[in-house]
Amino acid sequence: MEPGQLIRSLLTQNAPVVALLGYVEAGESKYRIYPLRAPQGTPFPYVCYQVISQNADTSASCDLDDTARVQLSLFTQTYTEVCTLSQACRKALHRQRVDSVTIDLDQQLDHYSDPALCYFRTQDYLLEGLES
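Residues numbered from 1 in each chain as written. Predicted model: local features only at pLDDT ≥ 70, side-chain atom pairs only at ≥ 80, totals over all residues. Heavy atoms only, no water.

1. Quick notes on the confidence of the model for the protein
Chain-level statistics for the protein give a pLDDT mean of 92 and a share of 93% at 70 or above. By mean pLDDT, strand S4 (residues 46-58) is the weakest element of the protein at 86, and helix H3 (residues 79-93) is the strongest at 98. (pLDDT = per-residue confidence, 0-100. Helix = DSSP H or I, 4+ residues; strand = E, 2+ residues; numbered from the N terminus.)

Right, dumping it as structure tokens:
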């Protein structure tokens, strides 16, 4: 599975994250979790994810699996909300193992956007053991 899709899948299967980002529209479950950017007018809170890098780990003696870095950008109206959302995402993802893939939080940074009038936090996750 593509690294961003794996992250999204884990988030949409996690009850605390779904409580913050999930909703039902026309009888269908939906989530405010988007690749790269959210549609214009998306209500807070929401999450965007992007693959920052994906590298093949290979050597002359053996083929190893890929390593990827996926960044989450968490957008909310208040600092308290960004803290709550980031904690839920961290609990859903950090130190998780899916088949042969391990996921670990690498770094986290706080931001504020004056034009968008929102708080946001980025979280970078390392995924090791992806099928190449």
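The rest of the description comes next.
2. What to know about the layout of surface pockets
Approximately 210 Å³ is the volume attributed to the largest pocket. The wall of the largest pocket is formed by Met-1, Pro-3, Leu-6, Gln-54, Val-98, Asp-99, Ser-100, Val-101, Leu-130 and Glu-131. A per-class count over the lining of the largest pocket returns six nonpolar, two polar and two charged. (1 Å grid on protein atoms, 1.4 Å probe; cavity = no way out; pocket = protein on both sides within 12 Å on 5 of 7 lines; lining within 4 Å. Points joined across faces, edges and corners; volume = space filled by probe spheres on them. Nonpolar A, V, L, I, M, F, W, Y, C, P; charged D, E, K, R; others polar.)

3. Re the pattern of salt bridges
By the definition in use, this model includes four salt bridges. As a salt-bridge pair, Arg-69 and Asp-106 come within 2.5 Å of each other at their nearest N and O atoms. Linking Arg-69 in strand S5 (residues 63-76) with Asp-106 in strand S7 (residues 101-113), this pair joins segments that are 37 residues apart in sequence. The class of Asp-106 is partly exposed, set by a relative accessible area of 39%. The partner of Arg-121 in a salt bridge is Asp-110, and the shortest N-O contact between them spans 2.4 Å. (Salt bridge = Lys/Arg side-chain N within 4 Å of Asp/Glu carboxyl O. Buried < 20%, exposed > 50% of the residue type's maximum accessible area, 1.4 Å probe, protein only.)

4. Quick notes on the nonpolar core
Among the nonpolar cores identified, the biggest contains 25 residues, and Leu-11, Leu-72, Leu-93, Ile-103 and Leu-127 are the most heavily contacted of them. When residues of this core are traced back to their parent elements, those giving at least two are helix H1 (3-12), helix H2 (15-21), S4, S5, H3, S7 and strand S8 (118-130). Sort the elements by how many residues they give to this core and H3 lands first, with six residues. Formed by seven residues, the second largest nonpolar core is a distinct cluster that contains Cys-48, Phe-75, Cys-118 and Phe-120. (Core = buried A, V, L, I, M, F, W, Y, C linked by side-chain atoms within 4.5 Å.)

5. Let's talk about the packing of aromatic side chains
Within the structure shown, the criterion is met by six aromatic pairs. Summarising the aromatic geometry, the rings of Phe-75 and Phe-120 are spaced 5.2 Å apart at their centres and angled 25 degrees between planes, so their arrangement reads as stacked. Taken together, the residues span a long stretch of sequence, with Phe-75 in strand S5 and Phe-120 in strand S8 at a distance of 45 residues. Like Phe-75, the residue Phe-120 is buried in the burial classification. Site record: aromatic cluster; members linked through ring pairs are Tyr-34, Phe-44, Tyr-46, Phe-75 and Phe-120. (Phe/Tyr/Trp six-rings, centres within 6.5 Å; stacked < 30°, edge-to-face > 60°.)

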